[in-house]
Amino acid sequence: TGLELVTDVDKPTAVAWRDGEMYVSSQAGPIHRVVDGVAEVVLDLSAETFEALPGSERGVLGLAFDPRDGRMFVNFTDLDHDTRVESFELDDGVVDPASRREVLFVEQPGIGHNGGRLLFDAAGHLYIGSGDGGASNGWDAQDTTKLLGAILRITPRLDGDGYEIPPDNPFADGVADRPEVLARGFRNPWTFSLDDDTGDIWIGDVGNNTIEEISRLRRDQWGANFGWPYFEGNDRRRREVPVEVVEPVFAYPRAQGVAVMAGHVYRGTAIPALRGAYLFGDMTGPVWAIGAEGVTRLDLERVNTLVGWAEDPDGELYLLGLHDGVFRLVGS
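Residues numbered from 1 in each chain as written. Predicted model: local features only at pLDDT ≥ 70, side-chain atom pairs only at ≥ 80, totals over all residues. Heavy atoms only, no water.

A. Just the pattern of salt bridges, in detail. Overall, the coordinates contain 24 salt bridges when judged by the stated rule. Across the pair Asp-197 and Arg-267 runs a salt bridge, and its minimum N-O distance is 3.6 Å. Of this pair, Asp-197 sits in the loop between strand E15 (191-194) and strand E16 (201-205) while Arg-267 sits in the loop between strand E21 (260-265) and strand E22 (278-282); the two residues are 70 residues apart in sequence, bridging distant segments of the chain. A single salt-bridge network, built from bridges that share partners, covers Glu-21, Arg-33 and Glu-40. (Salt bridge = Lys/Arg side-chain N within 4 Å of Asp/Glu carboxyl O. Helix = DSSP H or I, 4+ residues; strand = E, 2+ residues; numbered from the N terminus.)

B. Quick peek at the packing of aromatic side chains. Within this structure, the stated rule accounts for eleven aromatic pairs. Ring geometry for Trp-202 versus Tyr-278: centroids 4.1 Å apart, planes at 15°, classification stacked. In this pair, Trp-202 is assigned in strand E16 and Tyr-278 in strand E22, connecting sequence segments 76 residues apart. We note that Trp-202, like Tyr-278, is buried. Three or more aromatic residues joined by ring pairs make a cluster, and in this case those are Trp-202, Phe-250, Tyr-252, Tyr-278, Phe-280 and Trp-288. (Phe/Tyr/Trp six-rings, centres within 6.5 Å; stacked < 30°, edge-to-face > 60°. Buried < 20%, exposed > 50% of the residue type's maximum accessible area, 1.4 Å probe, protein only.)

C. Geometry of the sheet that holds strand E4 (residues 30-35). On the basis of which strands lie adjacent, the open sheet formed by four strands has the order E2-E3-E4-E5 and antiparallel pairing. Either end of the sheet is taken by a strand with one partner, and the two such strands are strand E2 (12-18) and strand E5 (38-44). When the angles between neighbouring strand axes are averaged without regard to direction, this sheet yields 30°. (Pairing = 2+ DSSP bridges. Axes fitted to C-alpha atoms, helices over the stretch in contact; angles between N-to-C directions.)

D. Structural detail: the sheet that holds E21. Spatial ordering of the open sheet is given by E21-E22-E23-E24, a layout of four strands whose pairing is antiparallel. Strand pairing shows two members of the sheet lacking a second neighbour, E21 and strand E24 (294-297), which therefore form its edges. Neighbouring strand axes in the sheet, compared pairwise and without regard to direction, differ in orientation by 25° on average. Relative to strand E23 (residues 287-291), E22 runs antiparallel, the two sharing four bridges. Residue Gly-281 lies in a different strand from E23, and its bridge partner there is Val-287.

E. View of the environment of Ala-141. Following the sequence through the fold, Ala-141 ends up in the loop between strand E11 (126-130) and strand E12 (150-156). According to the relative accessible area criterion, Ala-141 is buried, its value standing at 0%. Note: C-alpha distance between Ala-141 and Gly-227 (86 residues apart in sequence) is 8.8 Å. Excluding residues that lie within four positions of it along the chain, Ala-141 makes contacts with Asp-132, Leu-148, Gly-149, Arg-184, Gly-185, Phe-186 and Trp-228. (Contact = heavy atoms within 4.5 Å.)

F. Quick peek at unusual backbone geometry. In this model, Trp-228 is joined to Pro-229 through a cis peptide bond whose omega is 5°. In this structure, Asp-92 is a non-glycine residue whose phi angle is positive, near 55°. The residue Asp-92 is located in the loop between strand E8 (83-91) and strand E9 (94-106) in this model. A residue is classified by how much of its surface remains accessible, and Asp-92, at 70% relative accessible area, is exposed.

G. Representation of the pairing of E21 in the model. By the criterion of burial, E21 is predominantly enclosed, with six of the six residues buried. Sheet analysis places E21 next to E22, joined by four bridges and oriented antiparallel. Bridge assignment links Met-261 to a residue of E22, and that residue is Gly-281.

H. Broad picture of the environment of Asp-8. Relative to the helices and strands, Asp-8 resides in the loop between strand E1 (2-7) and E2. Its relative accessible area of 60% is what places Asp-8 among the exposed residues. Note: C-alpha distance between Asp-8 and Val-326 (318 residues apart in sequence) is 6.3 Å. With near-sequence residues (within four places) excluded, Asp-8 lies in contact with Asp-324 and Gly-325.

If you want it as structure tokens, here you go:
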């Protein structure tokens, strides 16, 4: 198993495909289309998003395409540090700026823990990772009036701004929690993925100062609470826990890494030995696989500051290195 450089786009934060072509967002604002390894800018939000500073979680953070009409969706923090999800139409692979629509706005209480991942399912429902905002010692993740510390699920309108609430969302009636919320109790679900074969959502929740965790949200668990800030990973931080908490699938201490980067269940064909295993890593570089035999660390070259993963239409996986680009995972 090895890595093959696909593009050296600087500070990549997300990768998505449209009509077989790769698009890569850069934290500082540009969004690129990659053709034969050459990246061209098709949209530049640099003037509207916060400058990427060392350790900053702000900027362009998420990218996805609506399977219903091919629109590009972008998640970014604006100059006031708030979260915006907006969409754009494309003409011959290039963004039409006049087609811009506002989909979702989330006021951020601080300047960190923004989440940012965007992901569509085949039916056109948009999943959004939202962190706790970094300003309440985690308690915003348990505030049912806010869209913070949660995985959100909405259906963007095909015409006009905004979105609808999918009727099968666990809180669609808006009584016990915000209707957009699929699950809450996360500190910073920076990366997550949807396994199309099972419907499971795999989530990497970046820890506070002791534990990194990988969690799985099954379809029959929609509406669940994953415990932050009552728990950090499997470590109880509060004596009283008034909610039922879903425990992580895997957790590791800070001695092994500083920020978990959740990956995907491998459904590709290039590396048969990994089929069905769940791959994830840490920002510091190591990559693990969870399979039938437990958790195994892969003998894989480290990328320079791992900040994310992507899955192409064939199920092959890619690793995003903040300082050295996007790499395809290949067989030996």
